[in-house]
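Residues per chain, in single letters:
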Amino acid sequence: MARHLTIAVCQTGPIQRSATRAETVDRLVALLERAAAAKAEVAVFPEMALTSFFPRWEMEDDAEIEAFFEEAMPGQETRRLYEAAAALKIGFALGYSELDRSSGKTRRYNTMDLVGPDGKFIGRYRKMHIPGGTEASAGTTTHLERRYFELGDLGFPVFDYCGVRVGLALCNDRRWPETYRMLGLGGAEVVLIGYNTPLLLDEAPSLGHLRMFHNHLPMQAGAYQNTVWVAAAAKAGNEDGQQLIGGSCIIAPTGELAAQVTSLDDEVIVHRADLDLIAVCRKVNFDFELYRRPDQYRLIAERAGPL
Ligand code: CDV
């Protein structure tokens, strides 16, 4: 029997620092309702979908920083989203900032959770490629994720979502080939990604015209070379004075853009992903079992010479 998964990408416009969690959750619930009305079975929201992208600010005060984090998921203010998922029978992947005190220490992660169509937690991913620095430096776009987040400690897990193998990734992860390869080797059929990408970088203004190209290029290559569907949700528009790129999309295992947003606002795009296309693409070029053999890799390593 043919296998499909109808995927919704829920892009958000800017989430200003002045917005309350309740206002933001209202917007996410409205997007989820639109996705369900379009018969989507799963929805993906952006990275840090509950708050402004705060690593653009250098903050000292723990209370000020931790106001951007969630200690429990669902918490009091986010529970409505989980209830909406159960009522609408559509699961979601949600990016947020996680405060983990379970070990007795305070740990902070840039996290994405996968939730089922019954509103129940399925699995968690913590961002592995944390970009930026710990202190602002002159002449570069302030991006302080390393000040606020530890490296993820959960690897690249792949989860069962209603019989479909689903992996998660966050923003900068999407630029690195190992993200897709790890998820592909773990059997992922669908990769859900959330991101926040500034339109301009002070350190490389001459590359400004390539920002959208460099957004789509690695995701299309990752989808093609690992024969997975990729669905990526951006935060977009002018958020607290910084322009975010948008460009949310759904990409087929052929590398083709199957659906793309047309705004920098709250917007839902939906595509019925043909999961059988994965096997077709694998047969053409990327049969891992046949071609990714240890003897072949040994030869490649030998010929590469000393590092
Ligand atoms: N949130 C991110 O991970 N942003 C990074 C850059 C711009 C620092 C990105 O790769 O889009």
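Our structure's up above, just so we're on the same page.
Computed from a predicted structure; not experimentally measured. Every residue gets a number counted from 1 within its own chain, in the order that chain's sequence is written. Where local features are concerned, this predicted model is filtered to residues with pLDDT of at least 70; where side-chain atom pairs are given and counted, the filter is 80 or more; whole-chain, interface and lining totals use all residues. Note that the side-chain values use all heavy atoms of the structure and ignore hydrogens as well as water.

**Description of the overall build of the protein chain**
Per the convention used, a helix needs a DSSP run of H or I reaching at least four residues, while a strand needs a run of E reaching at least two, with both numbered from the N terminus. A count of helical and extended segments in the protein chain gives nine helices and 14 strands. Taking 2.2 N^0.38 as the reference for a compact globule, 307 residues should give roughly 19 Å; the C-alpha atoms of the protein chain span a radius of gyration of 19 Å, in line with that estimate. For the protein chain, the C-alpha atoms occupy an extent of roughly 55 × 50 × 45 Å along the three principal directions. Taken across its 307 residues, the protein chain has 50% of its residues classed as buried. Throughout, a residue-residue contact means that at least one pair of heavy atoms, one from each residue, lies within 4.5 Å. Within the protein chain, contacts between residues separated by at least 24 positions form 72% of all contacts whose residues are at least 6 apart in sequence. Restricting the calculation to C-alpha atoms gives the radius of gyration, and the globule rule supplies 2.2 Å times the number of residues raised to the power 0.38. Relative accessibility thresholds used throughout: buried, under 20% of the residue-type maximum; exposed, over 50%; partly exposed, between the two (1.4 Å probe, protein chains only).

**Some remarks on helix α6 (residues 211-226)**
Taking 1.5 Å of rise per residue, 16 residues should cover 22 Å, and α6 covers 23 Å from first to last C-alpha, within 8% of that figure. Along α6, the positions that sit buried rather than exposed are R211, N215, H216, P218, M219, G222, A223 and N226. All buried residues of α6 lie within an arc of 160° about the axis, which places them on one face of the element. Directly beyond the C-terminal end of α6, a positive phi value near 45° is found at T227. By definition here, a helix of n residues has an expected span of 1.5 Å times n minus one. Throughout, the arc means that of the directions going from the helix axis to the C-beta atoms.

**Brief notes about the state of the cysteines**
Pairs of cysteine sulfur atoms within 2.5 Å are what we label disulfides. Inspection of the entire model under this criterion finds zero disulfides. C249 provides the cysteine sulfur closest to C10, a residue in no disulfide bond, and the two sulfurs are 14 Å apart. A residue is classified by how much of its surface remains accessible, and C10, at 0% relative accessible area, is buried.

**Section: the site of the ligand**
A molecule or strand has a residue near it when one of that residue's heavy atoms lies within 4 Å. Taken together, 14 residues surround the ligand, and among them K127, C171, N172, R175 and T197 come closest. What qualifies as a polar contact is a pair of N or O atoms within 3.5 Å, subject to a donor-acceptor requirement within protein and to the restriction that residues adjacent in sequence count only when both atoms come from side chains. One nitrogen or oxygen atom from the side chain of R174 is found 3.4 Å from an oxygen atom belonging to the ligand. Between an oxygen atom of the ligand and a side-chain N or O atom of T197, the distance comes to 2.6 Å. With residues, only the protein chains shown are counted as cover, and all accessible areas are computed by Shrake-Rupley using a 1.4 Å probe. Protein contacts shield 92% of the accessible area of the ligand, which totals 320 Å² for the unbound molecule.

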